[in-house]
Amino acid sequence: MNGKSELHKNFAKVWDNLPGWGNLAAVNHTSISQRFMLTGVMFFLVGILLAMLIRSQLALPGQTLITADLYSQVFTMHGTIMMFLFAIPVLEGAAMYLIPKMIGTRDLVFPRLSALGYYCYLFGGLILLSSLVLGIAPNSGWFMYTPLSSDDYSAGAGSDFWLLGVTFVEISAVSAGIELTVSILRTRAPGMSLSKMPIFCWYILAMALMIVFGFPPLILASILLELERAAQMPFFDPNAGGDPILWQHLFWLFGHPEVYIIFLPAAGMVSTILPVFAGRPLVGYRWVVLSVIITGFISFGLWVHHMFTVGIPHLAQAFFSIASMLVAIPTGIQIFVWLTTLWVGRVRFELPMLWIFGFLFIFVCGGLTGVMLALVPFDWQVHDTHFVVAHFHYVLIGGMFFPLIAALYYWLPHFSGRMPSMRMGRWAFGLVFVGFNSTFLIMHLTGLLGMPRRVFTYESGLGWDWLNLSSSIGGFVLAIGILMLVLDVTLHFRYGRKASSNPWQADTLEWATGMPPVSYNFASIPEVKSRHPLWDDPSLINSIPAGEHGLKSIKHGRRELYGTDAISGKLKEVIHIPSHSWWPLICAATLAGLCISLVSKAYMVGIFLAILGLGFFLRWSWENGTHKTMAPLTDEEASRGEPPLHSRTFDGPGLWGMCVTLLADGTLYLSLLFGWLYLWTVSPNKTLPDVSAISPVLMGLSGILLTIAVAFYRRLNRYLRREQEKPLAKWLWLVSACGMGHVGLLAFITVSSDLQFTTNAYDAVLLVMLAFLLFHSIISVITTTLQALRVSYDHISTKLPYEIVVMSPMWLFTLVIFWLSFASFLILPIIWEAK
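What counts, and at which threshold
Chains are numbered independently. Their residues run from 1 in the order of the written sequence. Local features in this predicted model are restricted to residues whose pLDDT is 70 or higher, and side-chain atom pairs enter the listing and the counts only when it is 80 or higher, whereas totals over whole chains, interfaces and linings include all residues. Hydrogens and water molecules were not included; the side-chain quantities draw on all heavy atoms of the structure. Secondary structure elements follow DSSP: runs of H or I of four or more residues count as helices, runs of E of two or more count as strands, with numbering from the N terminus. The size measure is the radius of gyration over C-alpha atoms, and the globule rule it meets is 2.2 Å times the number of residues to the 0.38 power. A contact between two residues is defined here by any heavy atoms of the two lying within 4.5 Å. All accessibility values rest on the Shrake-Rupley procedure with a 1.4 Å probe; residue burial counts only the protein chains present in the view. This count recognises Lys and Arg as positive and Asp and Glu as negative, with His and chain-terminal groups excluded. A charge is said to be at NZ when it belongs to Lys, at CZ for Arg, at CG for Asp and at CD for Glu. To pair, rings of Phe, Tyr and Trp, with the six-membered ring standing in for Trp, must have centres within 6.5 Å; the planes then decide the type, stacked if under 30 degrees apart, edge-to-face if over 60, and tilted in the middle. A 1.4 Å probe rolled over the protein chains alone gives each residue an accessible area, and that area as a share of the maximum for its type sets the label: buried under 20%, exposed over 50%, partly exposed in between. Patch membership is restricted to residues that have no salt bridge and whose relative accessible area is over 30%. Joining uses 9 Å for like charges and 5 Å for the nonpolar side chains Val, Leu, Ile, Met, Phe, Trp and Tyr. Whenever a carboxyl oxygen of Asp or Glu lies within 4 Å of a side-chain nitrogen of Lys or Arg, that contact is scored as a salt bridge. To estimate how far a helix should extend, the number of its residues minus one is multiplied by 1.5 Å. For this quantity, the arc is that covered by the directions from the helix axis to the C-beta atoms. Fitting a line to C-alpha atoms yields each axis, with helices limited to the stretch in contact; the angle taken between N-to-C directions then spans 0 to 180 degrees. Our angle categories are set so that under 35 degrees counts as roughly parallel, over 145 as roughly antiparallel, 65 to 115 as roughly perpendicular, and the remainder as oblique. By definition, any crossing whose near helix is turned counterclockwise from its far helix by less than a right angle is left-handed, and any crossing with a clockwise turn is right-handed. Each residue is assigned to one class: nonpolar for Ala, Val, Leu, Ile, Met, Phe, Trp, Tyr, Cys and Pro, charged for Asp, Glu, Lys and Arg, and polar for all the others, Gly among them. Bend at a given residue is defined as the angle between two axes, one fitted to the seven residues that end at that position and one fitted to the seven that begin there. We call two strands paired when DSSP finds no fewer than two bridges between them. Definition of a polar contact: a pair of N or O atoms within 3.5 Å, with one able to donate and the other able to accept a hydrogen when the atoms are protein atoms, and with sequence-neighbouring residues admitted only if both atoms are side-chain atoms. As used here, the term nonpolar core means buried Ala, Val, Leu, Ile, Met, Phe, Trp, Tyr and Cys residues forming a set that is joined through side-chain atoms within 4.5 Å. pLDDT runs from 0 to 100 and stands for how confident the predictor is about each residue.

### Examining the overall build of the protein
For the protein, the count of helices and strands is 26 helices and 2 strands. The C-alpha atoms of the protein give a radius of gyration of 27 Å, which matches the 28 Å a tight globule of 835 residues would have. In terms of overall dimensions, the protein has a C-alpha envelope of 85 × 80 × 45 Å along the principal axes. Contacts in the protein between residues at least 24 apart in sequence constitute 83% of all its contacts with a sequence separation of at least 6. Surface accessibility of the protein: about 32,100 Å² in total, with carbon and sulfur atoms responsible for 70%. In the protein, 48 positive and 45 negative side-chain charges are present, and the distance between their average locations comes to 11 Å.

### Re the packing of aromatic side chains
Each aromatic ring pair is specified by the distance between its two centres and by the angle formed by the two planes. Tallying each qualifying case throughout the model produces 61 aromatic pairs. Judged by centre distance (5.8 Å) and plane angle (10°), the ring pair of Phe-84 and Phe-254 falls under stacked. Taken as a pair, Phe-84 in helix H3 (residues 68-102) and Phe-254 in helix H7 (residues 244-278) lie far apart in primary sequence, 170 residues in all. Judged by its relative accessible area of 0%, Phe-254 is buried. Aromatic side chains Phe-277 and Tyr-410 sit 6.0 Å apart centroid to centroid with 75° between the ring planes, which places their arrangement in the edge-to-face category. Here Phe-277 is found in helix H7, whereas its partner Tyr-410 is found in helix H13 (residues 386-416), with 133 residues between them in sequence.

### Topic: a nonpolar patch on the surface
Nonpolar side chains collect at one region of the surface, where Val-697, Leu-701, Ile-704, Ile-708 and Trp-819 lie side by side and expose about 430 Å² of accessible area between them. Ranked by residue count, the leading element in the nonpolar patch is helix H23 (residues 696-721), at 4 residues. Note that Val-697 resides in helix H23. Judged by its relative accessible area of 60%, Val-697 is exposed.

### Some words on the pattern of salt bridges
This model, assessed by the stated rule, comprises 10 salt bridges. Among the ionic pairs, Lys-572 bridges to Asp-651, the shortest N-O distance being 2.6 Å. Here Lys-572, found in strand S2 (residues 571-577), pairs with Asp-651, found in the loop between helix H21 (636-639) and helix H22 (653-681); they are 79 residues apart in sequence, far enough to count as distant. A relative accessible area of 32% means that Lys-572 is categorised as partly exposed. Taken together, the shared-partner salt bridges connect Asp-151, Asp-160, Arg-229 and Lys-601 into one network.

### Looking at helix H9 (residues 314-326)
The terminal C-alpha atoms of H9 lie 18 Å apart, and with 13 residues this matches the ideal 18 Å at 1.5 Å per residue to within 8%. Of all the residues in H9, the buried ones are Gln-317, Phe-320, Ser-321, Ala-323 and Ser-324. Seen from one end, H9 has its buried residues packed into an arc of 165°, which puts them on one side. For H9, the exposed residues lying more than 90 degrees away from the buried face are Leu-315, Phe-319 and Ile-322. Turning to H9, the residues buried within the fold contact helix H8 (285-299), helix H10 (328-344), helix H11 (351-374) and helix H12 (376-382).

### Focus: the packing of H3 against helix H4 (residues 111-133)
Contact geometry for H3 and H4: axes closest at 12 Å, N-to-C directions at 165°. One element, H3, and the other, H4, form an angle in the roughly antiparallel class. Considering only the axes of H3 and H4, their crossing is left-handed. For the pair formed by H3 and H4, the contact residues are Met-77, Thr-80, Ile-81, Phe-84, Leu-85, Pro-89 and Met-96 on the first element and Ser-114, Tyr-121, Gly-125, Leu-128, Leu-129, Ser-131 and Leu-132 on the second. The residue inventory of the contact of H3 with H4, partitioned by class, reads 10 nonpolar, 4 polar and no charged.

### A closer look at a positive patch on the surface
On the surface, a cluster of positive charge is made up of Arg-714, Arg-715, Arg-718, Arg-722 and Lys-726. Counting through the fold element by element, Arg-722 comes out in the loop between H23 and helix H24 (728-752).

### Quick word on H13
Largest kink in H13: about 40°, centred on Tyr-410, with the proline Pro-413 one to four residues after it. Of all 31 residues in H13, 28 are buried, a share of seventy percent or more. At the exit of H13 stands Gly-417, carrying a positive phi of roughly 75°.

### Examining the pairing of strand S1 (residues 559-564)
Counting buried residues along S1, 6 of its 6 residues qualify, which places the element largely inside the surrounding structure. Burial along S1 is two-sided: the residues Arg-559, Leu-561 and Gly-563 and Glu-560, Tyr-562 and Thr-564 are all buried. Note that S1 and S2 share 6 bridges and pair antiparallel. Among the inter-strand pairings, Gly-563 is bridged to a residue of S2, identified as Glu-573.

### Quick word on the side chain of Ser-33
Secondary-structure assignment places Ser-33 in helix H2 (residues 29-58). A polar contact of 2.7 Å, which involves the side chain of Ser-33, links it to the backbone oxygen of His-29. A distance of 3.0 Å separates a polar atom in the side chain of Ser-33 from the backbone oxygen of Thr-30. Ignoring sequence-local partners within four residues, the contact set of Ser-33 consists of Gly-93, Met-96 and Tyr-97.

### Thoughts on the environment of Ile-482
Looking at the secondary structure, you find Ile-482 in helix H15 (residues 465-495). Sequence spacing of Ile-482 and Val-432 is 50 residues, and the spatial spacing of their C-alpha atoms is 6.5 Å.

### A short note on unusual backbone geometry
Looking along the chain, the bond that leaves Thr-146 and enters Pro-147 is cis, with omega of 5°. Its place among the elements puts Pro-147 in the loop between H4 and helix H5 (158-186). Phi at Asn-502 takes a positive value of approximately 50°, unusual for a residue other than glycine. With phi around 65°, Asn-521 is a residue other than glycine that occupies positive phi space. Take Asn-521: its relative accessible area is 3%, and that puts it in the buried class.

### What about the nonpolar core?
Ranked by internal contacts, the top residues of the largest apolar core, which has 271 residues, are Trp-247, Trp-338, Trp-355, Phe-401 and Met-699. The dominant element in this core, judged by the number of residues it contributes, is H3, at 21 residues. When sequence neighbours within four positions are dropped, the list of residues in contact with Met-699 reads Ile-694, Leu-746, Ile-749, Leu-770, Leu-773, Phe-818, Phe-822 and Leu-826.

### Digging into the side chain of Asp-379
For Asp-379, the position within the fold is in helix H12. For Asp-379, which is buried and forms no salt bridge, the nearest opposite charge comes from Arg-453, at a distance of 8.8 Å.

### What about the confidence of the model for the protein?
A residue-level look at the protein finds 99% of positions with pLDDT of 70 or above and a mean pLDDT of 91. By mean pLDDT, the top-scoring element of the protein is H2 (96), and the lowest-scoring one is helix H20 (residues 627-630) (74).

### Topic: the packing of H11 against helix H14 (residues 422-448)
Look at H11 against H14: their axes get within 10 Å of each other, and the N-to-C directions meet at 10°. When the interaxial angle is binned, H11 and H14 end up roughly parallel. In this structure, H11 uses Leu-351, Leu-354, Trp-355, Gly-358, Phe-361, Ile-362 and Thr-369 to contact H14, whose residues at the interface are Met-422, Gly-425, Arg-426, Ala-428, Phe-429, Val-432, Phe-433, Phe-436, Asn-437 and His-444.

This is the structure:
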């Protein structure tokens, strides 16, 4: 056996998945991302089936193919599946597959988190679909507006399925957002500065951060609505000081950025593929990066344009109307960049380019109608008509589906080692393109003629008859085209002709990982000197697997990545990541059981599963951070010529992961604060009690204990950074004791306060705030107590300070939200009422 084969055999022994059922314990990013994409396609086919049911019902006037209630369930589930179970997970899966390969690393930085995210997505999706099978699916629309989704108007478990299932899926999305953000920033190949990063990574970085900031408002809204339905806490009930419009604000704070969360990765695929077939670098790389960042920012300021007709002030309407039109500028920059790249290049008209041309036509049309809808008077006229349905299908299908299929054909040889079929691919494109425009172009007319959305039938003679029939025929042509696409891709794996290495002459590193790629991507990690490493040095395809670059030793048996500086790409450390594990599956299954018990109102079972789940997560954390076992302190690591292992440093990926997680956590907290201020200042029937039920004195005492605990913890951090020998366990036990005192007092306040949380929205929000503070305080105390125990097992020491550094931001965050809550929820109302 020659040296190269021996090298790959040793790498495979460490990186390959377990055989048979052991595959369920896989955490490798290639396996997890493929599962995301395949599961998303399965859900997509269900969504298509529901869409055909909708078009069959609307094909003729007076149809009674399905009842009004079933129609409501069908269009609710169609929208929910397409938005939550297909579009975002498939794009996340594509990003998780491509990002490590493009940035020249072996895996994502938190592989077990990826596996947990996948199982949360799978179980959440199955829970949602099960409601459809049982005939009790949600029927309030994929936006779940209150009071339609409240217990009074939507009795039964339909809304509960949506709220709990979608929240479960969102845990998956936020996990992926954290994972991708830290991986892109901290594990790029040496030398790959931000300015040398592939353009696709910029799009995914923007998408990941938008998920981190965009999803928490909906998670909070779902929790509040479920509490209203299950515990009669009246957040959206105007009779008790709540407001149903608060739901719309929280929903669209998530909902509008989500459009760009879907669009940006797809646009990133276009920016990656198009220069390859134009045979030259992307024109205006920096302009594209700037426009992506600006798009991300602006998208968070547009949510109110979904609410122009709910009665918001005219000044706000004018502001959000202008903001909505402004987003066309960065989008337009990207379109002009793509056109210019085509203009100055020598274009090869391969199959992926066919779908990109389709994308350019359809997305531009959707963008134009978007500018029309940003005009308030026009929006008033067509609000809740089929014009809006046509617009968002042009934007979402044109902006996401067409680039996604272009990307599928482009990277298909990478998955399979075979080339796609041009003949079947062109037929599929033709059917999809014609079917799509036949369906949705006509909907603009039915909308302008006044046909409302969400009605299950209509009378004949309103001028909509032949238009709807044409739309339905077009819909079936579209569905046939998609089925042909699926057939083409399926047959391709058996009958496609063998592909050469780098068959499209691409410039990015994923084509140097093998076709299909090996489980560890790169046997050695190259230094990157430009944005187009394979164009500059095609021999990398051979020299990387030959082990001619860095990090090629595998004798230690660890899965290792390079950790680099977030901006410059300078090599800083070696990151050792965990291997396969059953904990992600076990924890996700427990959470799924908790979700089902809540839907079925089995609350005692739910409490048991919540405690069990907490135990499983803590057990997982104990194993996951066992550096003593994973990477014992040895003399070997100093002599092998590599940077230090990350567990010996103060700036490893865990610290970055904690900070990004807290950004999402902080967004959820700010959404709660926004909800409270909204109810206080805007709700027409606000009922503030004369005296708060919560004692400011007791809260202050609790806060002082927390402040002491945080001060001790930070002092311990400083000692470690100065390499001062201190009794670590003693200090950690001291922090835990102060934290326990704080938690005990806070729990007493929560239980003993006379909060009228079932009759007063103000007190209901206060109770949620107390629960939020308690949760973070308890987690901080438990983890620190575990750290104190881990010192005695030599998992933490002055030479292994990493875990204490990781938890430091959590303590600081808990302290900040406590005093911010104290000031906002308790002190501010007293000052305000005293005026």
